[in-house]
Amino acid sequence: MQIKKIFSAIIDDSRIIASEHAGRYKPTTTGASRMLAGVIKPQTSLEIQGVIEASRQHKIKLYPISAGRNWGYSDSMPATDHNVIVDLSLMQGIRNYDPEMGTVTIEPGVTQQQLGDFLRAQGGLHVISVTGSSPEASIIGNYLERGFGLLPVMDHAYSVMSLRAIMGNGDLYQSPLLSCGAEKSASLFRWGVGPYTDGLFFQSSFGIVTEMTIRLARRAESTQVCFIEVGDENRLWHALPLLRELRESWPLETLQIKILNGYYTLASMGFKKDDIDAAGGYQRALKRYDVPPYTLMISVSGASALSRVMVNEIRHRFSFSRRLIVLNERLIKIGRLAAPLLPAKMKHKISSAESLWSLLQGQPGTAMIGKIPYFRMSNNANLQLDHPAQDRCGIIWFALSLPLTRKGVEDFQSLTAYAEKDCGFSPIVNYTNYNHVSCIGLLAIVFNQEIETRLAQDCYQELMTRALGQGYFPYRLPSFAAQAYFDEHSVKLNRQLGKLLDPDQIFSRQC
Ligand SMILES: Cc1cc2nc3c(=O)[nH]c(=O)nc-3n(C[C@H](O)[C@H](O)[C@H](O)COP(=O)(O)OP(=O)(O)OC[C@H]3O[C@@H](n4cnc5c(N)ncnc54)[C@H](O)[C@@H]3O)c2cc1C
């Protein structure tokens, strides 16, 4: 396909990449592999409109990416072959920051790092809700995927107040309040008037989002993180209702709960499967590296008085725990000073705590990226450690929405046991609360891309089938599984809307 010929009237030649030169877009973490028709890099909405028009004429399929770092889900790869990737990374506008209201308007190419730097340069009154992904990952790509972050406003889709997009039929979409000229209300009231139509652009393929206004979190006076070590499963069952009660009796947006299993903790400290094997297996590795079978991580931020009260409350409710450590500014400073004098396993813990601390302060980093996806690499020599796809790491996230109950966790454990026993993948698991009663159970299927890609993808598909049998479904799909899902289960209304909004099906996935 002559993409230069087709698009050069719209986009400068230097921003059109023919398929044979698109090598850097091809590596994936999920092992998915597709034929690409090329890459184009528009800079303006007008260019995108032109691209869509030309694609309709020439029956070209498009796949938008904002940063293409959707590792473990879709990387830069569409679900089908012969797409032209629309790389939006050059659209980096940041506008309308309102320090009083805490809202800002951004374009697709704006990364976590850029928005974080921008807010610091504006006085640091607000912070972004950072993900464990790369500083170079975009905000818009993550929010459209309904990703979640660490700080307040962790539910990213929920913090989108309004947006503009260009649909597959070439029309401009604006949130209803933008459409009637009510810019001010549009940045404050996400639901607009009439049917909520912004939702059509999340996890869909109806158009290209060209800008988004999001709500930010105010920098907290104080942040505290309680690490509660749980020595066995019985104590975990005891802890679960306490966690729900904590959220229900303190309904704070800024209270976040995670449950990490030992594998997750080891992998996020940078230990690899080889280290676990060398220690003589999982149980011995837990002992050797002083890692508990389960860790409850409860973060709270806000006024100092509030976080003090919360920490006392948490200490009181979880007094049965094996060990409870409160990470705060003071402990970080002490750890930094003491680190050179401490044994290696303590150094590991301090360095992980420091990385987490920066994320909680709204500073994205590569600490997570450089560890969990590399769990199956035997050594890190010659690896970039900041781009798992280019380093040929294998990772697929199996992410299920679950009740935060014993039954929910047991159901998820039965799935992770399948991944471990039948497929041989270490159960690297965390649970992150979504609200006071539900959580996302997250299994990282980390695999060796040379020999296990098929096994990992089949394992994922089987997990999806089994989860559906239990009444659950992933909150977000990797591209290799998306197509089958949409073929089998797509909602009739979405298909009808697809015909209206993208009549020539120029976008890759039809939900
Ligand atoms: C170790 C590790 C940790 C991670 N931690 C997290 C985490 O904490 N939270 C989390 O949510 N994810 C996490 N991820 C997954 C992933 O890396 C992130 O979600 C990342 O933010 C994806 O962003 P992106 O900008 O690269 O998305 P992109 O790849 O650019 O886009 C993602 C999706 O949105 C669509 N899209 C993008 N831009 C547009 C647009 N302008 N218009 C229409 N559609 C568009 C794309 O087609 C694609 O389907 C993690 C991954 C790894 C490996």
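In this text, all values refer to a predicted model and were calculated from it rather than measured experimentally.

1. Things to note about the overall build of the protein chain
Tallying secondary structure elements over the protein chain gives 17 helices and 18 strands in all. The C-alpha atoms of the protein chain give a radius of gyration of 23 Å, which matches the 24 Å a tight globule of 511 residues would have. With respect to the three principal axes, the spread of C-alpha positions in the protein chain is 65 × 55 × 45 Å. Residue burial in the protein chain is summarised as follows: out of 511 residues, 48% are buried.

2. Remarks on the packing of helix H14 (residues 406-421) against helix H15 (residues 453-470)
Helices that pack against each other are described as a pair by the angle of their axes relative to one another and the distance between those axes. Put simply, H14 and H15 touch, their axes get as near as 10 Å, and they point 155° apart. Classified by the interaxial angle, the pair formed by H14 and H15 is roughly antiparallel. The handedness of the crossing between H14 and H15 comes out as right-handed. Within the contact between the two elements, H14 uses Asp411, Leu415, Tyr418 and Ala419 and H15 uses Cys459, Glu462, Leu463, Arg466, Ala467 and Gln470. Of the residues assigned to the contact of H14 with H15, the class counts are 6 nonpolar, 1 polar and 3 charged.

3. What about the nonpolar core?
Grouped together as the largest cluster of nonpolar side chains are 139 residues, with contacts concentrated most on Ile428 and Ile445. A domain-level breakdown of this core finds at least three residues from each of domain 1 (94-218) and domain 2 (222-360 + 385-470). Those residues in contact with Ile445, other than ones at most four positions away along the chain, are Ile395, Ile396, Phe398, Ala419, Phe425, Ala456, Cys459 and Tyr460.

4. A word on the sheet that holds strand S14 (residues 294-302)
With antiparallel pairing, the 7 strands of this open sheet are ordered in space as S15-S12-S14-S13-S17-S18-S16. Of all strands in the sheet, those bounded by a partner on one side alone are strand S15 (323-327) and strand S16 (394-403). Recorded for the sheet is a direction-independent mean angle of 20° between the axes of neighbouring strands. Two strands pair when backbone bridges link them, and strand S13 (residues 255-261) and S14 are joined in this way by 7 bridges, in the antiparallel orientation. The residue of S14 that forms the bridge with Gln256 is Ser299. Its contacts with the sheet put H14 on S16, strand S17 (428-433) and strand S18 (438-447), and the angle it makes with S16 is roughly 155°.

5. Describing the domain arrangement of the protein chain
Assigned domains of the protein chain: these are domain 1 (94-218) and domain 2 (222-360 + 385-470). Inter-centroid distance (C-alpha atoms) of domain 1 to domain 2 is 28 Å. Each partner contributes to the interface: domain 1 provides 8 residues, whereas domain 2 provides 9 residues. A class-by-class count of the residues in the side of domain 1 that touches domain 2 yields 6 nonpolar, 1 polar and 1 charged.

6. Quick notes on the site of the ligand
The ligand sits among 33 residues. The nearest are Arg69, Gly132, Ser138, Gly141 and Gly147. Secondary structure elements with two or more residues in the shell around the ligand: strand S3 (61-65), helix H4 (139-144) and strand S10 (207-215). If one sorts the elements of the shell around the ligand by residue count, H4 sits on top with 4 residues. A breakdown of the residues in the shell around the ligand according to their chemical character gives 19 nonpolar, 12 polar and 2 charged.

7. A short note on unusual backbone geometry
The phi dihedral of Asp75 is positive, around 50°, even though this residue is not glycine. Looking at the secondary structure, you find Asp75 in the loop between S3 and strand S4 (83-87). Of note, Arg392 is a non-glycine position whose phi angle comes to about 65°, a positive value. The residue Arg392 is located in the loop between helix H13 (344-360) and S16 in this model. Among the residues examined, Arg392 registers 15 C-beta atoms within 10 Å and is labelled partly exposed.

8. Looking at the sheet that holds S3
Pairing within the open sheet is mixed, and its 4 strands lie in the order S1-S2-S4-S3. Both outer strands of the open sheet, strand S1 (16-18) and S3, are each paired with one neighbouring strand and no more. Sheet twist, expressed as the mean angle between neighbouring strand axes with direction ignored, is 25°. In this sheet, S4 lies alongside S3 in parallel orientation, the contact comprising 5 bridges.

9. Observations regarding the environment of Ser8
Inspection of the secondary structure puts Ser8 in the loop between helix H1 (3-7) and S1. Note: C-alpha distance between Ser8 and Ile40 (32 residues apart in sequence) is 9.8 Å. Excluding anything up to four places from it in sequence, Ser8 contacts Asp13 and Ile16.

10. Thoughts on the pairing of S14
Across the 9 residues that make up S14, a large majority, 8, are buried. Pairing between strand S12 (residues 222-230) and S14: 9 bridges, direction antiparallel. Looking at the pairing, Thr223 lines up with Ser301 of S14.

Definitions and cut-offs
Residues numbered from 1 in each chain as written. Predicted model: local features only at pLDDT ≥ 70, side-chain atom pairs only at ≥ 80, totals over all residues. Helix = DSSP H or I, 4+ residues; strand = E, 2+ residues; numbered from the N terminus. Rg over C-alpha atoms; globule rule 2.2 N^0.38 Å. Buried ≥ 20, exposed ≤ 12 C-beta atoms within 10 Å, placed from the backbone. Axes fitted to C-alpha atoms, helices over the stretch in contact; angles between N-to-C directions. Parallel < 35°, antiparallel > 145°, perpendicular 65-115°, else oblique. Left-handed = near helix turned anticlockwise from the far one by under 90°. Contact = placed C-beta atoms within 7 Å. Nonpolar A, V, L, I, M, F, W, Y, C, P; charged D, E, K, R; others polar. Core = buried A, V, L, I, M, F, W, Y, C linked by C-beta atoms within 7 Å. Domains from an automatic or database assignment. Pairing = 2+ DSSP bridges. Near = placed C-beta within 6 Å.

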